[in-house]
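Each chain, written out:
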Amino acid sequence: MTKSVKVIAPASVANIGCGYDTIGFALEGIYEELIVTESEAPGLVIESVEGASLSLVPEENVATVAASALLKHVGGNQGFSFQIKKLFLPGSGLGSSASSAAGAVFAVNQLLPSPLETRELLPFALEGEAYASKCYHADNVAPSLLGGCISVRSYQPLDYFHLPLADELKILIARPYAEIKTAEAKGILPTEISVPTARNQWGNLASLIHALHEKDWDRLSNSIEDYIAEPVRKSLIPCYDKMKEIAMANDSVGYNISGSGPSVFAFFETDENLLSCKAEMESLFKNENIDCDFFETRMSAEGCRVKP
Ligand code: HSE
């Protein structure tokens, strides 16, 4: 009998401000779905992509690029077909390509005669992400695959670890309508930084990690500032500074760009603060005549999983 599996691959927030390319977390309730089915003929086929205009050519789609890397590793000549449902848009800063890459390797692995451990799939998911963003970075793909909040120490060799999950914080995501490709948002970053800037950045990153361990939200708020990506990327995001003012006026304990944007995230301790921030941002975008979507979410311990 032909075997098939349907999986969920969560969206993620990368960087958390000062942790450019090194920290990210999985999100609750925002995800992509993939159905992968064994086929009799060898090779990979993309039957459909719903919700976004993406290539159906296997060599040009992150899902099948990642799945190919896994299949090359395990050997054999099995064929699979893919149905991809993008439930959040590519180019939004929520790790869409990472979800596709992680979901694809997770789904194919379920159908292998000798499946690997989920954590062993990360290098193959990274191949898909690297195809999309022209750079190896695991701060979206690792949390999407494995769940939780993950810090990546090194890529050669790949070394990462889970940080405590701040799932008591409420998270507002605002996604103004603008598409930002990660490869382009990486291209505008400085190629060098000064030692004083690096010192500010690693001071903040060390403090942010301590804040997550201690659940010290005042410290989190003081540590999140990013000296590398935010200063140049914010100009790509409609109303970035105005949203920041609104978030801080509503006692956000951390606001910054989600991944390479245009989505931004704001952490809150209370629903009241989150909702009043959301209402003020909604009226900001209405006045500016710009469309913006909002998501209320949290950090999630769950990564890719089979959808019953
Ligand atoms: N860490 C990556 C970046 C995430 O900021 O470029 C991309 O979503």
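What you see is a predicted model; the values in this text were computed from it and never measured.

Thresholds, definitions, all that
- Residues numbered from 1 in each chain as written.
- Predicted model: local features only at pLDDT ≥ 70, side-chain atom pairs only at ≥ 80, totals over all residues.
- Heavy atoms only, no water.
- Pairing = 2+ DSSP bridges.
- Helix = DSSP H or I, 4+ residues; strand = E, 2+ residues; numbered from the N terminus.
- Axes fitted to C-alpha atoms, helices over the stretch in contact; angles between N-to-C directions.
- Contact = heavy atoms within 4.5 Å.
- Near = heavy atom within 4 Å.
- Polar contact = N/O pair within 3.5 Å; in protein donor to acceptor, adjacent residues only side chain to side chain.
- Areas by Shrake-Rupley, 256 points an atom, 1.4 Å probe, with all protein chains shown as cover.
- 1 Å grid on protein atoms, 1.4 Å probe; cavity = no way out; pocket = protein on both sides within 12 Å on 5 of 7 lines; lining within 4 Å.
- Sits in = over half its atoms within 2 Å of the grid points.
- Nonpolar A, V, L, I, M, F, W, Y, C, P; charged D, E, K, R; others polar.
- Points joined across faces, edges and corners; volume = space filled by probe spheres on them.
- Left-handed = near helix turned anticlockwise from the far one by under 90°.

### A few points about the sheet that holds strand β8 (residues 254-257)
The pairing of strands in a sheet comes from backbone hydrogen bonds and takes either a parallel or an antiparallel form. Read across the open sheet, the 4 strands follow the order β8-β9-β7-β10; overall the sheet is antiparallel. Sheet topology places β8 and β10 (292-297) at the edges, where each strand pairs with a single neighbour. Along the sheet, successive strands turn relative to each other by an average axial angle of 15°, direction set aside. Relative to β10, strand β7 (residues 170-176) is paired through 6 bridges, and the arrangement is antiparallel. Residue Leu172 lies in a different strand from β10, and its bridge partner there is Glu296. Where helix α9 (residues 240-249) meets the sheet, it contacts β7, β8 and β9 (264-268), and its direction lies at approximately 165° from that of β8. Of the strands in this sheet, β7, β8, β9 and β10 touch helix α10 (residues 271-288), which is tilted by about 10° from β7.

### Brief notes about the pairing of strand β3 (residues 43-50)
Looking along a regular strand, one sees the side chains alternate between the two faces of the sheet. Relative to strand β4 (residues 79-85), β3 runs parallel, the two being bridged by 7 bridges. Considered in β4, the bridge of Ser48 is made with Gln83.

### Quick look at the site of the ligand
The local shell around the ligand consists of Ala14, Asn15, Tyr20, Asp21, His137, Asp139, Asn140, Thr182, Lys186, Arg233, Gly259 and Ser260. One nitrogen or oxygen atom from the side chain of Asp139 is found 2.7 Å from a nitrogen atom belonging to the ligand. When isolated, the ligand has an accessible area of 260 Å², and the protein chains bury 98% of it. Put simply, the ligand lies in the largest pocket. When grouped by side-chain class, the residues that make up the shell around the ligand number 2 nonpolar, 6 polar and 4 charged.

### Quick look at empty space enclosed by the protein
With the rule as written, the count across this model stands at 1 cavity of 30 Å³ or more. Considering only enclosed or pocket space, the largest cavity measures out at about 30 Å³ in volume. Around the largest cavity, the lining residues are Asn15, Gly17, Asp226, Ala229, Arg233, Asn256, Ile257 and Gly259. Residues belonging to the lining of the largest cavity are distributed by class as follows: 2 nonpolar, 4 polar and 2 charged.

### Details of the layout of surface pockets
By rolling a water-sized probe across the atoms, one finds the places where empty space is left. If you add up the space inside the largest pocket, you get close to 830 Å³. Around the largest pocket sit 43 residues that line it, and Pro90, Gly91, Ser97, Glu179 and Lys181 are the ones nearest its centre. Elements with a contribution of two residues or more to the lining of the largest pocket: α2 (96-110), α3 (122-133), β7 and α5 (182-187). Looking at the lining of the largest pocket element by element, the count peaks at 4 residues for α3.

### Topic: the packing of helix α1 (residues 62-74) against α3
Where α1 meets α3, the axes come as close as 7 Å, and the angle between the chain directions of the two elements is 145°. Seen along the crossing, α1 lies across α3 with a hand that is right-handed. Where α1 approaches α3, its residues Val62, Val65, Ala66, Ala69, Leu70 and His73 are matched on the opposing element by Phe124, Ala125, Glu127, Gly128, Tyr131 and Ala132.

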